[in-house]
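Residue-level structure breakdown
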Amino acid sequence: MQPPVTARQLLRYLPVLPAVLLLLVFLAGPVLWAFQASLTDAGLTGRSARNPSWVGLENYQRLFADPVFPLSVLLTVVFVAGSAVVGQNLLGLALAVLMRRARPAVSAAVGTTVVAAWVLPEIVAAFAAYAYFSGDGTLNQLLGRLGLARQDWLYAFPMMAVMLANVWRGTAFSMLVYRAALNEVPAEVSEAAQVDGAHGWQRFAFITLPMIRGSIATNLMLITLQTLAVFTLVWVMTAGGPANASTTLPVLAYLEAFKFGDIGYGTAVASVLILIGAVFGLVYIRLLRETRP
Amino acid sequence: MTVPAQASRVLRSGRNAAKRRRAGSTPADLVLLLIGACFLLPLLWLILASLDAEAGHELKLPDRAGLENFAAVLTPELLLRPLWNSLVLSGGTAAVTVVAAVLAAYPLSRYRSRFNQPFLYTVLFGTCLPITAIMVPVYGLFVQFELLDSMPATIFFMATTTLPMAIWMTRNFMAGVPVSLEEAAWVDGASRMTALRTIVLPLMRQGLGVVFIFVFIQAWGNFFVPFVLLLSEARQPAAVSIFSFFGQHGAVAYGQLAAFSILYSLPVLFLYVIVARGAGSSFALSGAVRG
């Protein structure tokens, strides 16, 4: 006896079930729980941990009255715009372009170095960056050699230090994306423009860049989302300090929830971050659907 | 790139532009080397400090290079148990991810349905959510269900965070295996799952290797998830124990910290080289990025 078509179709999709269950329990569950818990006074320990009570929008009211929150949003925007959209993106593109013009041995050696910083476990990269920017670290040694003033980078310019570290850590991704994209641009198009008298930078700006705009958009979205979630690098280098001077949203959410034991307030911060990520995610998926037939 | 590049050089030998580009230009070399040096310096400290028993933050050649730092950290409590925990955590995560991804990718790559596209884009949307933001609610959830400090629960959570990317990659690799090969097996009476196991999976084992290694590398390097979810020292992976080591001894034993970091990083560097050599990193990357 043959089962009805709909049941058979459902049965065919049975193997998807484990993945769906995992995603529901461990991804959708926490996200929904976050929005709910952000409306309670849930604590890390004590009575409010076992039996949190409903406080409505109080956490959000506190959030918008708290001077640290707007500062944290601003720092997150600066961090993402400076280290990902400008830093990683432009440096990655520059590296990919230069690697096509340089000798193969040079481009292979430099490529390996850039990728090494990206492949290392994040905690190791964070230690290396911490040592580099610390008081008697490599950067100050270099500045000393050049006769320039030494600085205590992690205290005087914490955002500058974590942003440079994030550029160092993440540029490899943009570089790989742009190398793949440039390899797919047919040489004939550029050569035809050359015959028409276009100069190097003109060919690049008016022919190459428009041809890889799909990759540029994808790359920008992905590095924005990655950088939005960076925690370890900032935590190891500055722990959000000094005096909240480098407290990006992930660090703020962690501090409120685990250092100050206020899970309800911490999840309110996390919920805002999840919402920002969701907006970028929707834009990214829209972009992807448009570029794919 | 060598063979096609050589062929095209022969084809275009009359054109200056092509010739100039293939030969490589000195200004480009110099700029590239300068950028490369900036990227190298922080890594160089790691290597030199690991060989220097009296290492500090500054970059210097050791007065007397030796392996004392490595010997000092190569103890069961300090390094071997955390590394073993990392292996269990990353291996478990990669195994769960690959199994769930293969099962999910099969119907998605073999049947045409209105269900496929929305499902895949919803899954992709899942990769966009910042995991660090989700950790606070996940902690709350783990407290409620008494899953804190549980290795299996942490493995399932980590597998879920890498699952969306793995499903996309696996589906793309599976789409590369022609259906006609399976049809022959169906004619012989094999079930769909038997055909998947005996025909499709062996043909895409290189792709599965890439997915496994990608997930493994991510899990191995993950600090924040085990930092929040695994509390007892006996279960903590190297990423977390190295952080506690840094907090306790970091101010005095930079050389040991560097040696610990290198030993902990070696496995993922090695795995990355395998993937990059075998499949081409940009190839694997494009599978993850462009779908």
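Thresholds applied
- Residues numbered from 1 in each chain as written.
- Chains lettered and ligands numbered in written order.
- Predicted model: local features only at pLDDT ≥ 70, side-chain atom pairs only at ≥ 80, totals over all residues.
- Heavy atoms only, no water.
- Axes fitted to C-alpha atoms, helices over the stretch in contact; angles between N-to-C directions.
- Helix = DSSP H or I, 4+ residues; strand = E, 2+ residues; numbered from the N terminus.
- Parallel < 35°, antiparallel > 145°, perpendicular 65-115°, else oblique.
- Left-handed = near helix turned anticlockwise from the far one by under 90°.
- Contact = heavy atoms within 4.5 Å.
- Nonpolar A, V, L, I, M, F, W, Y, C, P; charged D, E, K, R; others polar.
- Core = buried A, V, L, I, M, F, W, Y, C linked by side-chain atoms within 4.5 Å.
- Buried < 20%, exposed > 50% of the residue type's maximum accessible area, 1.4 Å probe, protein only.
- Domains from an automatic or database assignment.
- Buried area = accessible area lost by both parts, 1.4 Å probe.
- Salt bridge = Lys/Arg side-chain N within 4 Å of Asp/Glu carboxyl O.
- Polar contact = N/O pair within 3.5 Å; in protein donor to acceptor, adjacent residues only side chain to side chain.
- Phe/Tyr/Trp six-rings, centres within 6.5 Å; stacked < 30°, edge-to-face > 60°.
- Lys NZ or Arg CZ within 6 Å of the ring centre and 35° of its normal.

Here we come to the packing of helix 5 (residues 76-110) of chain B against helix 11 (residues 205-221) of chain B. Residue and element names in this part refer to chain B. Running from N to C, helix 5 and helix 11 cross one another at 140 degrees; their axes reach a closest spacing of 8 Å. Comparing their axes, helix 11 and helix 5 come out oblique. The chirality of how helix 5 crosses helix 11 is right-handed. On the side of helix 5, the interface is formed by L83, S86, L87, S90, G91, T93, A94, A95, T97, V98 and V102, while helix 11 contributes L208, V211, F212, V215, F216, A219 and W220. Across the contact of helix 5 with helix 11, the residue classes tally to 13 nonpolar, five polar and no charged.

Next up on the list: the nonpolar core. Ranked by size, the top nonpolar core spans 185 residues in total, and within it A:I123, A:F133, A:W235, A:M237, B:I167, B:F223 and B:Y264 carry the most contacts. It is helix 8 (residues 151-175) of chain B that provides the largest number of residues to this core, a total of 13 residues. Structurally, this core is a two-domain feature, drawing no fewer than three residues from each of domain 1 (2-50) and domain 2 (70-289) of chain B. In this structure A:W235 touches A:V251, A:Y254, A:L255, A:K259, B:F223, B:F227 and B:F243, once residues within four positions along its chain are discounted. One finds A:A96, A:Y178, A:L182 and A:V185 within the second-largest nonpolar core, a separate group that totals eight residues.

Time to look at the domain arrangement of chain B. Residues and elements named next belong to chain B. Assigned domains of chain B: these are domain 1 (2-50) and domain 2 (70-289). On the side of domain 2, seven residues touch domain 1, which itself brings five residues to the contact. Its largest share of buried area at the contact with domain 2, domain 1 owes to W45, L46 and S50, together 81% of the area lost on that side. At the boundary of domain 1 with domain 2, the tally comes to zero salt bridges. Remark: the boundary between domain 1 and domain 2 carries zero residue pairs in polar contact (both at pLDDT 80 or more). For the side of domain 1 that touches domain 2, the per-class residue count stands at four nonpolar, one polar and no charged.

With that out of the way, let us pick up the interface of chain B and chain A. Across the boundary between the two partners, chain B contributes 93 residues, which contact 92 residues of chain A. Approximately 8200 Å² of surface area, both sides summed, lies buried where chain B meets chain A, with 77% of it carried by carbon and sulfur atoms. On inspection of chain B and its partner chain A, the count reaches one salt bridge. A salt bridge links B:D29 to A:R103, with the nearest nitrogen and oxygen atoms 2.1 Å apart. Joining chain B to chain A, the criterion identifies six residue pairs in polar contact (both at pLDDT 80 or more). Top element by residues in the side of chain B that touches chain A is helix 3 (residues 26-50) of chain B. It accounts for 16 residues.

As a further point, take the packing of aromatic side chains. What the rule picks out here adds up to 27 aromatic pairs over all chains. Ring centres 6.2 Å apart and planes at 55 degrees place the aromatic pair A:W118 and A:F173 in the tilted group. Here A:W118 is found in helix 6 (residues 104-119), whereas its partner A:F173 is found in helix 10 (residues 158-183), with 55 residues between them in sequence. Pairwise contacts between aromatic rings join A:F231, A:W235, A:Y254, A:F258, B:Y139, B:F223, B:F224, B:F227 and B:F243 into one cluster. The ring of A:Y265 carries the charged tip of A:R62 above its face, separated from the ring centre by 3.9 Å.

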